[in-house]
Amino acid sequence: MLNIQSKLPGVNTTIFSVMSKLASEYNAINLSQGFPDYACDPNLTELVSKAMKDGYNQYAPMPGNIFLKEAIAEKVNKIYNINYNPDTEITVTAGGTQAIFTALTAIINPGDEVIIFEPAYDCYAPTVKLLGGLVKTYELSPPNYGIDWDMVKKLFSANTRMIILNSPQNPTGSILSSQDMESLIKLIRGTDILILSDEVYEHLIFDGETHLSVMRYPELRERSFVVASFGKLLHATGWKLGYCLAPEDLTKEFRKVHQFNVFSVNSPMQQAIAEYIKEPEHYNGIAAFFQEKRNYFSSLLQKSRFKLLPCKGSYFQCASYDQISNEKDTEFCIRLVKEFGVAAIPVSAFYQKNTDHKIIRFCFAKENSTLASAAEKLINV
Ligand code: PMP
Ligand code: GLN
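Residues numbered from 1 in each chain as written. Chains lettered and ligands numbered in written order. Predicted model: local features only at pLDDT ≥ 70, side-chain atom pairs only at ≥ 80, totals over all residues. Heavy atoms only, no water.

A. Broad picture of the state of the cysteines. For the structure shown, the criterion picks out zero disulfides. Not engaged in a disulfide, the cysteine Cys 244 finds its nearest cysteine sulfur in Cys 123; these two sulfurs lie 13 Å apart. A disulfide-free cysteine, Cys 318 has its sulfur positioned 8.0 Å from the sulfur of Cys 311, the nearest such atom. With a relative accessible area of 1%, Cys 318 lands in the buried category. (Disulfide = S-S within 2.5 Å. Buried < 20%, exposed > 50% of the residue type's maximum accessible area, 1.4 Å probe, protein only.)

Structure (C-alpha coordinates):
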(Lines give C-alpha, C1' and ligand atoms only; values in the text may rest on other atoms or scores of the structure.)
(Ligands and ions follow the chains in the order given, each with its own letter.)
Protein backbone atom coordinates (compact mmCIF):
# COMPACT_ATOMS: atom_id res chain seq x y z
CA MET A 1 0.00 0.00 0.00
CA LEU A 2 1.27 3.46 -0.83
CA ASN A 3 1.34 5.87 2.05
CA ILE A 4 -0.79 8.78 0.85
CA GLN A 5 -1.17 11.78 3.14
CA SER A 6 -4.65 13.07 2.33
CA LYS A 7 -4.83 16.84 2.09
CA LEU A 8 -8.53 16.68 2.97
CA PRO A 9 -8.81 13.73 5.34
CA GLY A 10 -12.32 14.52 6.59
CA VAL A 11 -13.81 15.15 3.16
CA ASN A 12 -16.08 12.71 1.30
CA THR A 13 -17.83 12.88 -2.08
CA THR A 14 -20.07 15.97 -2.19
CA ILE A 15 -23.66 15.65 -1.06
CA PHE A 16 -24.79 16.71 -4.55
CA SER A 17 -23.20 13.66 -6.19
CA VAL A 18 -24.37 11.39 -3.39
CA MET A 19 -28.03 12.45 -3.56
CA SER A 20 -28.22 12.58 -7.36
CA LYS A 21 -26.79 9.06 -7.55
CA LEU A 22 -29.26 7.81 -4.96
CA ALA A 23 -32.12 9.51 -6.82
CA SER A 24 -31.14 7.76 -10.01
CA GLU A 25 -30.68 4.35 -8.32
CA TYR A 26 -34.18 4.55 -6.84
CA ASN A 27 -35.73 6.30 -9.83
CA ALA A 28 -36.77 9.16 -7.53
CA ILE A 29 -37.71 12.69 -8.57
CA ASN A 30 -34.47 14.60 -8.16
CA LEU A 31 -35.01 17.90 -6.32
CA SER A 32 -31.59 17.57 -4.66
CA GLN A 33 -28.69 18.86 -6.78
CA GLY A 34 -29.47 22.29 -8.20
CA PHE A 35 -30.03 22.10 -11.95
CA PRO A 36 -32.99 22.66 -14.30
CA ASP A 37 -34.72 19.63 -15.84
CA TYR A 38 -35.84 21.60 -18.91
CA ALA A 39 -33.92 22.59 -22.03
CA CYS A 40 -32.02 25.84 -22.40
CA ASP A 41 -33.00 28.20 -25.23
CA PRO A 42 -32.51 26.45 -28.64
CA ASN A 43 -31.34 29.81 -30.04
CA LEU A 44 -28.42 29.57 -27.64
CA THR A 45 -27.43 26.03 -28.66
CA GLU A 46 -27.77 27.20 -32.30
CA LEU A 47 -25.24 29.95 -31.57
CA VAL A 48 -22.83 27.35 -30.12
CA SER A 49 -23.10 25.23 -33.30
CA LYS A 50 -22.56 28.34 -35.37
CA ALA A 51 -19.45 29.28 -33.35
CA MET A 52 -18.05 25.78 -33.90
CA LYS A 53 -18.77 25.99 -37.63
CA ASP A 54 -17.19 29.45 -37.68
CA GLY A 55 -13.97 27.95 -36.37
CA TYR A 56 -13.98 28.85 -32.65
CA ASN A 57 -12.42 25.51 -31.83
CA GLN A 58 -8.93 26.34 -30.58
CA TYR A 59 -7.76 27.88 -27.31
CA ALA A 60 -9.55 31.06 -26.35
CA PRO A 61 -7.35 33.87 -25.00
CA MET A 62 -6.23 33.12 -21.42
CA PRO A 63 -8.49 35.71 -19.64
CA GLY A 64 -11.42 35.03 -21.99
CA ASN A 65 -12.90 35.82 -25.39
CA ILE A 66 -12.79 39.60 -25.80
CA PHE A 67 -16.35 39.79 -27.21
CA LEU A 68 -17.62 37.94 -24.17
CA LYS A 69 -15.68 40.11 -21.74
CA GLU A 70 -17.09 43.19 -23.49
CA ALA A 71 -20.61 41.76 -23.35
CA ILE A 72 -20.18 41.06 -19.62
CA ALA A 73 -18.92 44.61 -19.03
CA GLU A 74 -21.94 45.97 -20.91
CA LYS A 75 -24.38 43.79 -18.96
CA VAL A 76 -22.83 44.75 -15.62
CA ASN A 77 -22.98 48.39 -16.60
CA LYS A 78 -26.65 48.14 -17.62
CA ILE A 79 -27.66 46.48 -14.36
CA TYR A 80 -25.37 48.06 -11.77
CA ASN A 81 -24.20 51.21 -13.58
CA ILE A 82 -20.58 50.30 -12.84
CA ASN A 83 -17.68 49.96 -15.26
CA TYR A 84 -15.39 46.95 -15.17
CA ASN A 85 -12.58 47.06 -17.73
CA PRO A 86 -12.83 43.97 -19.98
CA ASP A 87 -9.05 43.87 -20.46
CA THR A 88 -7.95 44.18 -16.88
CA GLU A 89 -10.88 43.43 -14.56
CA ILE A 90 -12.93 40.58 -16.08
CA THR A 91 -11.80 36.95 -16.37
CA VAL A 92 -13.91 34.17 -17.90
CA THR A 93 -13.79 30.96 -15.88
CA ALA A 94 -14.91 27.34 -16.02
CA GLY A 95 -17.95 28.09 -13.86
CA GLY A 96 -18.33 29.74 -10.49
CA THR A 97 -16.52 26.91 -8.71
CA GLN A 98 -13.28 27.50 -10.58
CA ALA A 99 -13.54 31.24 -10.01
CA ILE A 100 -13.92 30.62 -6.25
CA PHE A 101 -11.02 28.16 -6.20
CA THR A 102 -8.78 30.48 -8.19
CA ALA A 103 -9.58 33.60 -6.14
CA LEU A 104 -8.90 31.78 -2.88
CA THR A 105 -5.69 30.22 -4.25
CA ALA A 106 -4.49 33.62 -5.41
CA ILE A 107 -4.93 35.17 -1.96
CA ILE A 108 -4.86 32.68 0.89
CA ASN A 109 -1.53 31.83 2.51
CA PRO A 110 -1.05 29.25 5.27
CA GLY A 111 -2.40 30.65 8.53
CA ASP A 112 -4.70 33.20 6.87
CA GLU A 113 -8.21 33.22 8.29
CA VAL A 114 -11.36 33.26 6.17
CA ILE A 115 -14.80 34.04 7.61
CA ILE A 116 -17.60 31.87 6.27
CA PHE A 117 -21.32 32.05 7.06
CA GLU A 118 -22.88 28.63 7.44
CA PRO A 119 -24.89 26.88 6.10
CA ALA A 120 -22.51 27.55 3.20
CA TYR A 121 -22.03 26.25 -0.32
CA ASP A 122 -19.82 23.25 0.08
CA CYS A 123 -16.67 24.21 -1.82
CA TYR A 124 -15.62 27.19 0.31
CA ALA A 125 -14.24 25.56 3.45
CA PRO A 126 -12.35 22.65 1.81
CA THR A 127 -10.66 25.04 -0.60
CA VAL A 128 -9.52 27.32 2.23
CA LYS A 129 -8.17 24.27 4.10
CA LEU A 130 -6.33 22.95 1.03
CA LEU A 131 -4.45 26.24 0.98
CA GLY A 132 -3.47 25.97 4.63
CA GLY A 133 -5.96 28.65 5.60
CA LEU A 134 -8.16 28.57 8.68
CA VAL A 135 -11.92 28.69 8.41
CA LYS A 136 -13.66 30.95 10.93
CA THR A 137 -17.25 29.86 10.91
CA TYR A 138 -20.31 31.84 11.87
CA GLU A 139 -23.26 29.45 12.13
CA LEU A 140 -26.55 31.09 11.18
CA SER A 141 -29.88 29.80 12.43
CA PRO A 142 -33.27 29.20 10.87
CA PRO A 143 -35.75 30.43 9.97
CA ASN A 144 -34.21 33.72 8.81
CA TYR A 145 -30.47 33.00 8.91
CA GLY A 146 -29.79 36.67 9.75
CA ILE A 147 -26.30 37.98 10.52
CA ASP A 148 -25.43 39.77 13.76
CA TRP A 149 -22.45 41.86 12.65
CA ASP A 150 -21.18 42.28 16.22
CA MET A 151 -20.69 38.50 16.18
CA VAL A 152 -18.77 38.79 12.92
CA LYS A 153 -16.50 41.36 14.52
CA LYS A 154 -15.69 38.87 17.26
CA LEU A 155 -14.30 36.53 14.60
CA PHE A 156 -11.80 39.13 13.41
CA SER A 157 -8.11 38.72 14.25
CA ALA A 158 -4.81 40.05 12.91
CA ASN A 159 -4.86 37.09 10.48
CA THR A 160 -8.31 37.71 8.99
CA ARG A 161 -7.70 37.82 5.24
CA MET A 162 -11.08 37.35 3.65
CA ILE A 163 -14.84 37.17 4.14
CA ILE A 164 -16.94 35.02 1.84
CA LEU A 165 -20.42 36.34 1.05
CA ASN A 166 -23.16 34.58 -0.87
CA SER A 167 -26.36 36.48 -1.64
CA PRO A 168 -28.89 35.24 -2.67
CA GLN A 169 -27.72 32.38 -0.52
CA ASN A 170 -27.47 28.69 -1.24
CA PRO A 171 -29.01 26.76 0.52
CA THR A 172 -31.18 29.14 2.60
CA GLY A 173 -32.55 31.51 -0.05
CA SER A 174 -31.79 34.46 2.26
CA ILE A 175 -30.45 37.76 0.91
CA LEU A 176 -28.25 40.51 2.34
CA SER A 177 -30.06 43.75 3.20
CA SER A 178 -28.77 47.31 2.93
CA GLN A 179 -28.25 47.28 6.73
CA ASP A 180 -26.06 44.19 6.29
CA MET A 181 -24.00 45.95 3.65
CA GLU A 182 -23.63 49.11 5.76
CA SER A 183 -22.54 47.07 8.79
CA LEU A 184 -20.03 45.17 6.67
CA ILE A 185 -18.58 48.40 5.28
CA LYS A 186 -18.09 49.78 8.80
CA LEU A 187 -16.41 46.55 9.91
CA ILE A 188 -13.86 46.30 7.14
CA ARG A 189 -13.09 50.01 6.83
CA GLY A 190 -9.39 50.58 7.49
CA THR A 191 -8.49 46.87 7.24
CA ASP A 192 -6.86 44.86 4.43
CA ILE A 193 -9.61 42.26 4.52
CA LEU A 194 -10.73 41.12 1.06
CA ILE A 195 -14.17 39.88 0.02
CA LEU A 196 -15.12 36.95 -2.13
CA SER A 197 -18.71 37.62 -3.15
CA ASP A 198 -20.41 34.60 -4.64
CA GLU A 199 -23.24 36.15 -6.64
CA VAL A 200 -24.15 33.22 -8.89
CA TYR A 201 -27.85 33.76 -8.03
CA GLU A 202 -27.78 37.53 -8.70
CA HIS A 203 -30.81 37.31 -11.05
CA LEU A 204 -32.80 34.91 -8.89
CA ILE A 205 -34.29 37.35 -6.40
CA PHE A 206 -37.99 37.64 -5.65
CA ASP A 207 -40.85 39.80 -4.42
CA GLY A 208 -39.41 42.97 -5.93
CA GLU A 209 -36.22 42.88 -3.83
CA THR A 210 -33.03 44.32 -5.31
CA HIS A 211 -29.82 42.30 -5.44
CA LEU A 212 -27.33 44.25 -3.33
CA SER A 213 -24.14 43.31 -5.09
CA VAL A 214 -20.89 44.37 -3.43
CA MET A 215 -20.32 46.13 -6.76
CA ARG A 216 -22.82 48.80 -5.71
CA TYR A 217 -20.59 49.91 -2.80
CA PRO A 218 -17.24 51.49 -3.80
CA GLU A 219 -15.63 50.60 -0.43
CA LEU A 220 -16.55 46.96 -0.98
CA ARG A 221 -16.00 46.83 -4.73
CA GLU A 222 -12.35 47.92 -4.40
CA ARG A 223 -11.57 44.81 -2.30
CA SER A 224 -13.89 42.22 -3.86
CA PHE A 225 -13.75 39.28 -6.21
CA VAL A 226 -17.30 38.94 -7.59
CA VAL A 227 -18.17 35.48 -8.89
CA ALA A 228 -20.92 34.80 -11.46
CA SER A 229 -22.08 31.65 -13.27
CA PHE A 230 -23.59 31.31 -16.75
CA GLY A 231 -24.97 27.96 -15.59
CA LYS A 232 -27.68 29.79 -13.62
CA LEU A 233 -28.14 32.65 -16.07
CA LEU A 234 -28.66 30.44 -19.12
CA HIS A 235 -30.26 27.33 -17.55
CA ALA A 236 -27.16 25.41 -18.66
CA THR A 237 -25.33 24.25 -15.53
CA GLY A 238 -23.47 21.58 -17.52
CA TRP A 239 -21.63 24.15 -19.58
CA LYS A 240 -19.53 25.15 -16.57
CA LEU A 241 -18.86 28.72 -17.60
CA GLY A 242 -18.76 31.80 -15.43
CA TYR A 243 -16.59 34.78 -14.64
CA CYS A 244 -14.82 36.78 -11.99
CA LEU A 245 -14.95 40.57 -11.70
CA ALA A 246 -12.26 42.25 -9.62
CA PRO A 247 -10.24 45.48 -9.62
CA GLU A 248 -7.05 45.36 -11.67
CA ASP A 249 -4.64 44.58 -8.81
CA LEU A 250 -6.79 41.65 -7.66
CA THR A 251 -7.42 40.44 -11.21
CA LYS A 252 -3.67 40.39 -11.83
CA GLU A 253 -3.23 37.95 -8.95
CA PHE A 254 -6.32 35.98 -10.01
CA ARG A 255 -4.93 35.48 -13.53
CA LYS A 256 -1.52 34.37 -12.26
CA VAL A 257 -3.33 31.32 -10.88
CA HIS A 258 -6.03 31.01 -13.56
CA GLN A 259 -3.42 30.60 -16.32
CA PHE A 260 -2.04 27.49 -14.63
CA ASN A 261 -5.35 26.28 -13.26
CA VAL A 262 -7.19 26.01 -16.63
CA PHE A 263 -5.33 28.49 -18.87
CA SER A 264 -8.53 29.27 -20.80
CA VAL A 265 -12.08 27.91 -21.06
CA ASN A 266 -14.46 26.52 -23.70
CA SER A 267 -14.06 28.65 -26.80
CA PRO A 268 -17.25 28.11 -28.93
CA MET A 269 -19.52 28.57 -25.92
CA GLN A 270 -17.82 31.83 -25.00
CA GLN A 271 -18.41 33.11 -28.51
CA ALA A 272 -22.06 32.04 -28.40
CA ILE A 273 -22.74 33.52 -24.97
CA ALA A 274 -21.17 36.83 -26.04
CA GLU A 275 -23.79 37.09 -28.79
CA TYR A 276 -26.65 35.86 -26.61
CA ILE A 277 -26.29 38.10 -23.56
CA LYS A 278 -26.22 41.25 -25.67
CA GLU A 279 -30.02 40.98 -25.54
CA PRO A 280 -31.26 41.92 -22.05
CA GLU A 281 -34.54 40.07 -22.72
CA HIS A 282 -32.48 36.89 -22.48
CA TYR A 283 -32.05 37.41 -18.76
CA ASN A 284 -34.51 40.09 -17.62
CA GLY A 285 -37.36 37.65 -17.05
CA ILE A 286 -35.44 35.15 -14.90
CA ALA A 287 -36.59 36.44 -11.51
CA ALA A 288 -40.26 36.32 -12.52
CA PHE A 289 -39.80 32.88 -14.08
CA PHE A 290 -38.35 31.40 -10.88
CA GLN A 291 -40.65 33.32 -8.56
CA GLU A 292 -43.57 31.66 -10.32
CA LYS A 293 -41.93 28.26 -9.72
CA ARG A 294 -41.25 29.05 -6.05
CA ASN A 295 -44.89 30.10 -5.56
CA TYR A 296 -46.22 27.08 -7.41
CA PHE A 297 -44.10 24.61 -5.44
CA SER A 298 -44.86 26.24 -2.09
CA SER A 299 -48.61 26.34 -2.83
CA LEU A 300 -48.51 22.60 -3.56
CA LEU A 301 -46.67 21.91 -0.31
CA GLN A 302 -49.23 23.77 1.81
CA LYS A 303 -51.10 20.47 1.99
CA SER A 304 -48.02 18.67 3.37
CA ARG A 305 -46.64 18.46 6.90
CA PHE A 306 -43.45 20.29 5.86
CA LYS A 307 -43.03 23.83 7.19
CA LEU A 308 -41.56 26.07 4.51
CA LEU A 309 -38.89 28.61 5.38
CA PRO A 310 -38.72 32.04 3.73
CA CYS A 311 -37.14 31.98 0.25
CA LYS A 312 -36.15 35.41 -1.01
CA GLY A 313 -33.84 34.26 -3.77
CA SER A 314 -31.90 31.35 -5.39
CA TYR A 315 -33.71 28.29 -6.73
CA PHE A 316 -33.94 26.49 -3.45
CA GLN A 317 -36.81 26.08 -1.02
CA CYS A 318 -35.88 24.96 2.48
CA ALA A 319 -38.41 23.07 4.57
CA SER A 320 -38.50 21.91 8.16
CA TYR A 321 -39.67 18.35 8.81
CA ASP A 322 -39.65 18.64 12.60
CA GLN A 323 -43.38 17.90 12.75
CA ILE A 324 -42.84 14.71 10.79
CA SER A 325 -39.83 13.03 12.34
CA ASN A 326 -36.84 13.58 14.60
CA GLU A 327 -34.48 11.52 12.45
CA LYS A 328 -31.18 13.10 11.44
CA ASP A 329 -31.67 15.11 8.24
CA THR A 330 -29.27 12.85 6.33
CA GLU A 331 -31.27 9.78 7.34
CA PHE A 332 -34.55 11.51 6.61
CA CYS A 333 -33.35 12.41 3.09
CA ILE A 334 -32.31 8.82 2.39
CA ARG A 335 -35.70 7.56 3.56
CA LEU A 336 -37.44 10.23 1.47
CA VAL A 337 -35.76 8.79 -1.64
CA LYS A 338 -36.31 5.14 -0.80
CA GLU A 339 -39.85 5.29 0.60
CA PHE A 340 -41.37 8.32 -1.08
CA GLY A 341 -39.39 8.70 -4.32
CA VAL A 342 -38.19 12.31 -3.87
CA ALA A 343 -34.58 13.43 -3.42
CA ALA A 344 -33.65 16.55 -1.39
CA ILE A 345 -30.46 17.82 0.27
CA PRO A 346 -30.00 17.66 4.07
CA VAL A 347 -28.98 21.18 5.13
CA SER A 348 -26.56 19.79 7.74
CA ALA A 349 -24.26 19.04 4.77
CA PHE A 350 -23.66 22.79 4.52
CA TYR A 351 -22.34 23.05 8.09
CA GLN A 352 -18.83 21.79 8.83
CA LYS A 353 -20.10 20.51 12.18
CA ASN A 354 -23.11 18.95 10.41
CA THR A 355 -25.47 21.02 12.56
CA ASP A 356 -28.89 19.50 12.15
CA HIS A 357 -31.90 21.82 12.39
CA LYS A 358 -34.20 19.20 10.76
CA ILE A 359 -34.27 21.19 7.56
CA ILE A 360 -33.94 19.96 4.00
CA ARG A 361 -33.49 21.78 0.70
CA PHE A 362 -35.56 21.29 -2.47
CA CYS A 363 -34.54 22.66 -5.87
CA PHE A 364 -37.52 24.14 -7.70
CA ALA A 365 -35.73 24.82 -11.02
CA LYS A 366 -37.91 22.14 -12.56
CA GLU A 367 -40.81 21.75 -14.98
CA ASN A 368 -44.11 22.46 -13.21
CA SER A 369 -45.10 18.86 -13.99
CA THR A 370 -42.01 17.63 -12.08
CA LEU A 371 -42.86 19.88 -9.12
CA ALA A 372 -46.46 18.64 -9.15
CA SER A 373 -45.39 14.97 -9.21
CA ALA A 374 -42.91 15.58 -6.38
CA ALA A 375 -45.50 17.42 -4.28
CA GLU A 376 -47.99 14.57 -4.74
CA LYS A 377 -45.45 12.29 -3.10
CA LEU A 378 -44.41 14.81 -0.45
CA ILE A 379 -47.93 15.32 0.86
CA ASN A 380 -47.91 11.65 1.88
CA VAL A 381 -44.83 12.08 4.08
N1 PMP B 1 -21.75 29.07 -5.73
C2 PMP B 1 -22.97 28.66 -5.38
C3 PMP B 1 -23.63 29.31 -4.22
C4 PMP B 1 -23.59 27.63 -6.08
O5 PMP B 1 -24.80 27.22 -5.72
C6 PMP B 1 -22.92 27.04 -7.15
C7 PMP B 1 -23.52 25.86 -7.85
N8 PMP B 1 -24.36 26.17 -8.76
C9 PMP B 1 -21.66 27.52 -7.51
C10 PMP B 1 -21.09 28.52 -6.76
C11 PMP B 1 -20.89 26.93 -8.64
O12 PMP B 1 -21.29 27.38 -9.88
P13 PMP B 1 -20.82 26.62 -11.19
O14 PMP B 1 -21.77 25.50 -11.41
O15 PMP B 1 -20.89 27.66 -12.26
O16 PMP B 1 -19.43 26.14 -10.95
N1 GLN C 1 -24.90 24.41 -6.99
C2 GLN C 1 -25.64 23.20 -7.11
C3 GLN C 1 -26.37 22.93 -5.80
O4 GLN C 1 -26.20 23.60 -4.83
C5 GLN C 1 -24.84 21.98 -7.42
C6 GLN C 1 -23.47 22.11 -7.88
C7 GLN C 1 -22.71 20.85 -7.78
O8 GLN C 1 -23.26 19.77 -7.96
N9 GLN C 1 -21.47 20.94 -7.46
O10 GLN C 1 -27.12 22.00 -5.76
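Continuing now.
B. A look at the packing of helix H2 (residues 42-53) against helix H11 (residues 267-276). With their axes 8 Å apart at the nearest point, H2 and H11 run at an angle of 130 degrees to one another. When the axis of H2 is compared with that of H11, the two are oblique. As H2 packs across H11, the resulting crossing turns out to be right-handed. For the pair H2 and H11, the contacting residues are Leu 44, Leu 47, Val 48, Ala 51 and Met 52 in the first and Pro 268, Met 269, Gln 271, Ala 272, Glu 275 and Tyr 276 in the second. A class-by-class count of the residues in the contact of H2 with H11 yields nine nonpolar, one polar and one charged. (Axes fitted to C-alpha atoms, helices over the stretch in contact; angles between N-to-C directions. Helix = DSSP H or I, 4+ residues; strand = E, 2+ residues; numbered from the N terminus. Parallel < 35°, antiparallel > 145°, perpendicular 65-115°, else oblique. Left-handed = near helix turned anticlockwise from the far one by under 90°. Contact = heavy atoms within 4.5 Å. Nonpolar A, V, L, I, M, F, W, Y, C, P; charged D, E, K, R; others polar.)

C. Highlighting the site of ligand 1. Surveying the vicinity of ligand 1 reveals 13 residues, the closest of which are Thr 97, Asp 198, Tyr 201, Lys 232 and Lys 240. One of the side-chain N or O atoms of Asn 170 is found 2.7 Å from an oxygen atom in ligand 1. Here a nitrogen atom of ligand 1 and a side-chain polar atom of Asp 198 are 2.5 Å apart. In isolation ligand 1 offers 390 Å² of accessible surface; the protein chains occlude 94% of this area. No other element matches the four residues that helix H4 (residues 95-107) contributes to the shell around ligand 1. Split into classes, the residues belonging to the shell around ligand 1 amount to four nonpolar, six polar and three charged. (Near = heavy atom within 4 Å. Polar contact = N/O pair within 3.5 Å; in protein donor to acceptor, adjacent residues only side chain to side chain. Areas by Shrake-Rupley, 256 points an atom, 1.4 Å probe, with all protein chains shown as cover.)

D. The pattern of salt bridges, seen in detail. Tallied over the full model, the rule gives twelve salt bridges. Between Lys 256 and Glu 253 there is a salt bridge, and its shortest N-O distance comes to 2.9 Å. Pair noted here: Lys 256 and Glu 253 are both in helix H10 (residues 248-261), with a separation of three residues, about one helical turn. Put simply, Glu 327, Arg 335 and Glu 339 are held in one network by salt bridges that share partners. (Salt bridge = Lys/Arg side-chain N within 4 Å of Asp/Glu carboxyl O.)

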